[in-house]
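Examination of the molecular architecture
Chain by chain, the residues run as shown.
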Amino acid sequence: MAKTDARVAPRRAIQPAGAALVLLFLLAACSSGAASAPELGALPRDARGAAAVGGPAGGDAASGSSTTTGTAEISAERRIVKTGEITIRVPNVANALASVRAAALQMGGYIGGSQAGTLDDSATLTLRIPAARFDDALAALHELDGKVLVEATREEDVTASIVDLTARIDNLEASESQYRALLARAEKIDDVLNVQSRLDDVRGQIEQLKGQLKSVSGQADLATLTVTLTPDAQPVQKASAGWDPGATASQALAALVDIGKGLASVVIWFAIVWLPILLVLAIIGLIVLRGLLEVRRRMPATPGSDAPMS
């Protein structure tokens, strides 16, 4: 019994030592996991997503975009792009041109472009006026001394486009901030170059979208109205407008040429076709006539035909 107790005692001593080793291993594993977790959690969630290509950051940005777009669509003011064309016949183009310029400046607009010739030629102006004064500009043009010949207006709602561009710019600017934070914390040259490349790409997209937003917003802020002024013709000009001496002379000459061609055609047909036929018919007629005369001459005279009448 003494020997058995001596063998059991070492085994009982080994069991606490093994348990202590297992406990130390578990503690070491937990400490290493805890040390690595703060390193990942130290960065914002969006920054971690931006650091990985095709990571979950794209999904978060998309959901953020839809939320921002939906909120902006509810609160955004409608933006309308207004354009129009109008043609007016006026007695004096120069006076009407000055009146249109003055009206555009009075409404807070400007002349985007103009094309004018002499007093007898038409003039075309492109007016850029505040969208809120578009109807007022049309009314002022109708009050000019003249007659409106053509008028056309168009309206296009660009609210959704502006909201979408604004939301995309906001998301890209948020990504830009995350990339700048990553760039400040990067230590390796490869990491710095990679983040800088992505940062430049995002910055280029932001500038491009801002340019589109500025263009669309500018079109919505200032309406475009194209005005064409045509001169009113005088009575003498109206009477002579439909007569062209040169065209009349050309038409008369053309008629004379047609008559000459017709006569020449008749002569050619007569000389080639009818003249030979008529000659043949004349020869045949002469032969027949001569034959008849010869037959009559040879016929004997009837008795008593030469007797004198009593």
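About the thresholds
- Residues numbered from 1 in each chain as written.
- Predicted model: local features only at pLDDT ≥ 70, side-chain atom pairs only at ≥ 80, totals over all residues.
- Heavy atoms only, no water.
- Pairing = 2+ DSSP bridges.
- Helix = DSSP H or I, 4+ residues; strand = E, 2+ residues; numbered from the N terminus.
- Core = buried A, V, L, I, M, F, W, Y, C linked by side-chain atoms within 4.5 Å.
- Buried < 20%, exposed > 50% of the residue type's maximum accessible area, 1.4 Å probe, protein only.
- Contact = heavy atoms within 4.5 Å.
- Axes fitted to C-alpha atoms, helices over the stretch in contact; angles between N-to-C directions.
- Parallel < 35°, antiparallel > 145°, perpendicular 65-115°, else oblique.
- Left-handed = near helix turned anticlockwise from the far one by under 90°.
- Arc of directions from axis to C-beta.
- pLDDT = per-residue confidence, 0-100.
- 1 Å grid on protein atoms, 1.4 Å probe; cavity = no way out; pocket = protein on both sides within 12 Å on 5 of 7 lines; lining within 4 Å.
- Points joined across faces, edges and corners; volume = space filled by probe spheres on them.
- Nonpolar A, V, L, I, M, F, W, Y, C, P; charged D, E, K, R; others polar.
- Salt bridge = Lys/Arg side-chain N within 4 Å of Asp/Glu carboxyl O.

Right, let's talk about the pairing of strand 5 (residues 222-231) for a bit. Note: strand 1 (residues 80-90) against strand 5, eight bridges, orientation parallel. Of the residues in strand 5, the one forming a bridge with Thr83 is Thr224. In the sheet, strand 3 (residues 123-130) pairs with strand 5 via eight bridges, with the strands oriented antiparallel. Each residue of the ladder has a partner; that of Thr124, found in strand 5, is Thr228.

All right, on to the nonpolar core then. Judged by nonpolar contacts, the single largest core of 22 residues is most densely connected at Ile88, Val100, Leu127, Leu141, Leu225, Val227 and Leu229. Breaking this core down by element, the ones donating at least two residues are strand 1, helix 4 (93-106), strand 3, helix 5 (134-142) and strand 5. For this core, the leading source of residues is helix 4, giving five residues. Setting aside residues up to four positions removed in sequence, Leu225 forms contacts with Gly84, Glu85, Leu125, Thr126, Leu127, Phe134, Ala137, Leu138 and Leu141. The next biggest cluster of nonpolar side chains, apart from the first, holds 16 residues, and it includes Leu165, Leu172, Ile206 and Val216.

Right, let's talk about the packing of helix 6 (residues 159-185) against helix 7 (residues 189-221) for a bit. Packing of helix 6 against helix 7 leaves a shortest axis separation of 9 Å and a crossing angle of 160°. With respect to each other, helix 6 and helix 7 are oriented roughly antiparallel. Both helix 6 and helix 7 take part in a crossing whose hand is left-handed.

Moving on, we come to the sheet that holds strand 5. Ordered in space as 2-3-5-1-4, the five strands form an open sheet in which the pairing is mixed. Only two strands of the sheet have a single partner each, and these edge strands are strand 2 (110-116) and strand 4 (147-157). Averaged over all pairs of adjacent strands, the angle between strand axes in this sheet comes to 10°, irrespective of strand direction. On the sheet, helix 4 packs against strand 1, strand 2, strand 3 and strand 5 and is oriented at approximately 15° with respect to strand 3.

Moving on, we get to helix 5. Every buried residue of helix 5 is listed here: Phe134, Ala137, Leu138 and Leu141. Buried residues along helix 5 cover an arc of 100° about the axis, so they all sit on one side.

Here we take up the confidence of the model for the protein. Of all residues in the protein, 67% attain a pLDDT of 70 or more, and the chain-wide mean is 73. Scored below 50 in pLDDT, residues 1-75 makes 28 contacts in the model with residues more than four places away or belonging to other chains.

Scanning the entire structure with this criterion turns up one cavity of 30 Å³ or more. In this structure, the largest cavity encloses a volume near 50 Å³. Every residue along the wall of the largest cavity is listed here: Val100, Ala103, Ala104, Met107, Leu127, Ala137, Ala140, Leu141 and Leu225. For the lining of the largest cavity, the elements supplying multiple residues, two or more each, are helix 4 and helix 5. Taken together, the residues of the lining of the largest cavity break down into nine nonpolar, no polar and no charged.

Turning next to the pattern of salt bridges. One pass over the structure, following the stated rule, counts 11 salt bridges. Notably, a salt bridge pairs Arg297 with Glu294, separated by 2.4 Å at the nearest N-O pair. Here the residue Arg297 and the residue Glu294 both occupy positions in helix 9 (residues 245-298), the gap between them amounting to three residues, near one helical turn. Three or more residues joined by partner-sharing salt bridges are found here, namely Glu176, Arg180, Arg203 and Glu207.

Mapped onto the elements, Thr230 comes out in strand 5. Owing to a relative accessible area of 17%, Thr230 belongs among the buried residues under this scheme. Excluding residues within four positions of it along the chain, Thr230 makes contact with Thr87, Ile88, Arg89, Val90, Val93, Ser122 and Leu149.

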